[in-house]
Amino acid sequence: MITDIPTADEFMQTGLSLLDFAWDTVATLLTDLDDSEFFGVDVPEVSDAFWQASKQRLTTSLAVAQQGVEFALKGRIAAVSPFLLVAGSPKGWPSGCQKRDTNFADFHTIDSQDLIKVHDTVATTRLSDIFISKFENLRRIRNAIMHTVDKRVNIHVIDVVSAILSMYKQLFPTISWVQVRREFLERSPLSELYSSDFVEPRVIWEFSLIVELLSPEHVKEFFGFNKRQRRYICPNCNHQSGDNERKPKTAILKPNTLGSTTIHCFVCDTEIKVERADCPDPDCRGNVLSVEYGVCTTCGGKID
Ligand SMILES: [Zn+2]
Ligand SMILES: [Zn+2]
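From a predicted model like this one, the values you see are computed outputs, not experimental measurements. (Residues numbered from 1 in each chain as written. Chains lettered and ligands numbered in written order. Predicted model: local features only at pLDDT ≥ 70, side-chain atom pairs only at ≥ 80, totals over all residues.)

**Comments concerning the overall build of the protein**
Condition: Numbering of helices and strands starts at the N terminus; helices are DSSP runs of H or I of at least 4 residues and strands are runs of E of at least 2. With C-beta atoms placed from the backbone, a residue is labelled by how many other C-beta atoms lie within 10 Å of its own: buried for 20 or more, exposed for 12 or fewer, partly exposed between the two. Here, residues touch in the contact sense if the C-beta positions derived from the backbone fall within 7 Å of one another.
When you go through the protein residue by residue, the secondary structure sums to 11 helices and 8 strands. Judged by the C-alpha coordinates and their principal axes, the protein covers about 80 × 40 × 40 Å. Within the protein, the fraction of its 304 residues that count as buried is 32%. Partitioning the contacts of the protein with sequence separation of at least 6, the portion at a separation of at least 24 is 57%.

Pasting the structure below:
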């Protein structure tokens, strides 16, 4: 018999870890660049050279992300039957496997180019055309990156971020990527070494930068956050990130009406009651105050 057969969940978890690995690389580049401003670096001046020097990391991240997506697809197929992942006819199986127990990992598994065909043949719900075309595109780029030095492949940070988020959204539509990222950081080596206190400030910082990086359409698609709406400082995230100079404008009125008394933040996924009254600071024209946190969500100033 075949032993050590991986479960659908194990494939999924490996897929998610690879997506997180790719994300961690690009998020670190973004936070490093952002942080340099604090240390007096002229960011617009060095930006081109910084991204040029990051080229290899970006292409590797994209290849890792694609690998993650393939694992997630294998997970979905394994949920029907893991044996569907075994490639080729019995002639090609490990010799003597009918006589002694053989590890699943010793069998060849199906090629990445066949994953969609196998998935859509056996799964109850087929993958969308959008997913398939993005997957094939990503696979082509990954092959160009991994098998040769294709000078035409010029990956930008936004390509990697949107590839990770769009594939994730298609594969896991009900769980927010913010939450997955938070959980990975909580289990990260750094959390084991010290504590997980750094996690929330880090999540807030990363996603604040991502919102600035992506188009309003993408931010809406991936996080359900309309960045075209007037944005407010989330008092909860602001408090969690130590009330520092970077104010996380990650909240919007819900509903978006004149008299609305609730803001919702997509990072901490919290609804916060607000009072519609003018900010005491004469220089601030905000009228959305959080009494609970004692701050104006427009300027971040104290209101009591
Ligand atoms: Zn928040
Ligand atoms: Zn104010």
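Text resumes after the structure shown.
**Considerations on the environment of Asp-106**
Among the structural elements, Asp-106 can be located in the loop between strand 2 (102-103) and helix 4 (115-122). Put simply, Asp-106 and Asp-32 are 74 residues apart on the chain and 42 Å apart in space, counted from C-alpha to C-alpha.

**Quick notes on the domain arrangement of the protein**
To keep things clear, this is the line we draw: Reported domain spans reflect what an automatic or database domain assignment gives.
Assigned domains of the protein: these are domain 1 (2-174) and domain 2 (226-296). Computed over C-alpha atoms only, the centres of domain 1 and domain 2 are separated by 37 Å.

**Some words on the packing of helix 1 (residues 8-38) against helix 6 (residues 157-171)**
Our working rule: Here an angle of 0 to 180 degrees is reported between the N-to-C directions of two axes, which are lines fitted to C-alpha atoms, with helices fitted over the stretch in contact. Throughout, a crossing is termed right-handed when the near helix is turned clockwise from the far one, and left-handed when it is turned anticlockwise from it by less than a right angle. Each residue gets one label: Ala, Val, Leu, Ile, Met, Phe, Trp, Tyr, Cys and Pro are nonpolar, Asp, Glu, Lys and Arg are charged, and the others, such as Gly, are polar.
One can describe the packing of helix 1 onto helix 6 by two numbers: an axis separation of 10 Å at closest approach and a directional angle of 145°. For the element pair helix 1 and helix 6, the recorded crossing hand is left-handed. Residue-level inspection shows Leu-19, Ala-22, Trp-23, Val-26, Leu-29 and Leu-30 of helix 1 in contact with helix 6, the latter providing Val-157, Val-160, Val-161, Ile-164 and Tyr-168. Considered class by class, the residues forming the contact of helix 1 with helix 6 number 11 nonpolar, no polar and no charged.

**As for the pairing of strand 6 (residues 270-273)**
Here is the rule we go by: Pairs of strands are assigned from DSSP output, requiring at least two bridges between the strands.
Relative to strand 6, strand 5 (residues 262-265) runs antiparallel, the two sharing 4 bridges. Residue pairing for strand 6: His-264 is matched across the bridge by Glu-271.

**A short note on the pairing of strand 5**
Burial along strand 5 is one-sided: the residues Ile-263 and Cys-265 are buried and none of Thr-262 and His-264 is. With 3 bridges joining them, strand 4 (residues 251-253) and strand 5 adopt antiparallel strand pairing. Along strand 5, the bridge assignment pairs Ile-252 with His-264. The turn linking strand 5 back onto strand 6 is made up of 4 residues, and Asp-269 within it adopts a positive phi angle of 50°.

**Remarks on the sheet that holds strand 6**
Strands sit in the order 3-4-5-6 across an open sheet of 4 strands; the sheet is antiparallel. For this open sheet the edge positions go to strand 3 (231-232) and strand 6, each flanked by a neighbour on one side alone.

**Quick notes on the packing of helix 3 (residues 55-80) against helix 5 (residues 129-147)**
Keep this limit in mind: We call two directions roughly parallel when the angle between them is under 35 degrees, roughly antiparallel when it is over 145, roughly perpendicular when it lies between 65 and 115, and oblique otherwise.
In contact at an axis separation of 9 Å, helix 3 and helix 5 are set at 130° when each is read in the N-to-C sense. Judged by the angle between their axes, helix 3 and helix 5 are oblique. Considering the relative orientation of helix 3 and helix 5, their crossing is left-handed. Here helix 3 contributes Thr-59, Leu-62, Ala-63, Gln-66 and Val-69 to the contact with helix 5, which in turn contributes Phe-135, Leu-138, Arg-139, Ile-141, Arg-142, Ile-145 and Met-146. When the residues that make up the contact of helix 3 with helix 5 are grouped by side-chain class, the tally is 8 nonpolar, 2 polar and 2 charged.

**Considering the environment of Trp-51**
Of note, Trp-51 is situated in helix 2 (residues 43-53). Overall, the presence of 16 C-beta atoms within 10 Å leaves Trp-51 in the partly exposed class. Remark: the alpha-carbon pair of Trp-51 and Asn-103, spanning 52 residues in sequence, is separated by 43 Å.

**Section: the nonpolar core**
Heads up, the rule is: In this description, a nonpolar core means buried residues of the types Ala, Val, Leu, Ile, Met, Phe, Trp, Tyr and Cys, linked to one another by C-beta atoms lying within 7 Å.
With 65 residues, the main nonpolar core has Ala-22, Ala-65, Val-160, Ile-164, Ile-263 and Val-267 as its most contacted residues. Counting residues per element, this core draws most heavily on helix 3, at 11 residues. The residue makeup of this core includes at least three contributed by each of domain 1 (2-174) and domain 2 (226-296). Dropping the residues within four chain positions of it, Ala-65 is found in contact with Leu-18, Leu-19, Ala-22, Val-160, Ala-163, Ile-164 and Met-167.

**Overview of helix 6**
The following threshold applies: By this rule, a helix spans an expected 1.5 Å times one less than how many residues it contains.
Taking 1.5 Å per residue as the helical rise, helix 6 with its 15 residues ought to reach 21 Å, and the 22 Å between its terminal C-alpha atoms agrees with that figure. Of all the positions in helix 6, only Val-160, Val-161, Ala-163, Ile-164, Leu-165, Met-167 and Tyr-168 are classed as buried.

**Structural notes on helix 7 (residues 177-186)**
The condition is simple: Think of the arc as the fan of directions from the helix axis to the C-beta atoms.
Listed as buried for helix 7 are Trp-177, Val-178, Arg-181 and Leu-185. The buried residues of helix 7 occupy an angular sector of 105° when projected down its axis, which confines them to one face.

**Details of unusual backbone geometry**
That bond from Lys-254 to Pro-255 is cis: its omega, -5°, falls within 30 degrees of zero. Topologically, Pro-255 is positioned in the loop between strand 4 and strand 5. Located in the positive-phi region is Asp-4, a residue other than glycine, with phi close to 50°. Mapped onto the elements, Asp-4 comes out in the loop between strand 1 (2-3) and helix 1.

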